[in-house]
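# Summary of the model geometry
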Amino acid sequence: MTIQTTRLRDPAVRAFVAAVNNHDRESFMELLAPGATMTDDGSDRDLADWVDREIFSSHGHMEVDNESDGGRSLLARYSNDTWGEMRTRWSFQVDEDGRITRFETGQA
């Protein structure tokens, strides 16, 4: 059963999912701490390039099925125009100011 975005426990993660699903690049980028990093399937990626290609230019969308680690780890059905739908895992590191310093994603 899908967890409604508004019910996700961690505020930064909740805002991340909302920004992805609303295709709101500006809000998304404001969630990231300066120097934020990310990985996709275990490989470091250029965050700006990956976000543009995998989320915003390809209409990315997340349906969260499960959360753990206080809401900082998700299992989600992720879809975009490039790859279709796939089951993915997401984990987030959030600083004391509530900004995301790192996120990791990949197929689950």
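Residues numbered from 1 in each chain as written. Predicted model: local features only at pLDDT ≥ 70, side-chain atom pairs only at ≥ 80, totals over all residues. Heavy atoms only, no water.

Turning to its location among the elements, Glu67 is positioned in strand β3 (residues 61-68). Given a relative accessible area of 13%, Glu67 falls into the buried group. In this structure the side chain of Glu67 is engaged in a polar contact, spanning 3.2 Å, whose partner is the backbone nitrogen of Arg9. The residues contacting Glu67, other than those within four sequence positions of it, are Ile3, Arg7, Leu8, Arg9, Ser73 and Leu74. (Helix = DSSP H or I, 4+ residues; strand = E, 2+ residues; numbered from the N terminus. Buried < 20%, exposed > 50% of the residue type's maximum accessible area, 1.4 Å probe, protein only. Polar contact = N/O pair within 3.5 Å; in protein donor to acceptor, adjacent residues only side chain to side chain. Contact = heavy atoms within 4.5 Å.)

Summed over all chains, the structure comprises eleven aromatic pairs. Relative to Phe28, the ring of Phe16 has its centre 4.9 Å away and its plane inclined at 50 degrees; by these criteria the two rings are tilted. With a gap of twelve residues between them, Phe16 in helix α1 (residues 11-21) and Phe28 in helix α2 (residues 25-31) connect regions that are remote in the sequence. With centroids separated by 4.8 Å and ring planes inclined at 70 degrees, the aromatic side chains of Phe16 and Phe92 adopt a geometry described as edge-to-face. Here Phe16 is found in helix α1, whereas its partner Phe92 is found in strand β5 (residues 84-94), with 76 residues between them in sequence. Three or more aromatic residues joined by ring pairs make a cluster, and in this case those are Phe16, Phe28, Trp50, Phe56, Tyr78, Trp90, Phe92 and Phe103. (Phe/Tyr/Trp six-rings, centres within 6.5 Å; stacked < 30°, edge-to-face > 60°.)

Our focus in this paragraph is the layout of surface pockets. Taken as a whole, the largest pocket encloses approximately 220 Å³ of empty space. What lines the largest pocket is a set of 15 residues, among which Asp40, Trp50, Glu54, Trp83 and Met86 lie closest to the centre. Put simply, the parts of the chain that give the lining of the largest pocket at least two residues each are α3 (47-56), β4 (73-80), β5 and β6 (100-107). (1 Å grid on protein atoms, 1.4 Å probe; cavity = no way out; pocket = protein on both sides within 12 Å on 5 of 7 lines; lining within 4 Å. Points joined across faces, edges and corners; volume = space filled by probe spheres on them.)

It is worth stressing that arrangement in space is one thing and function is another; only the former is reported here.
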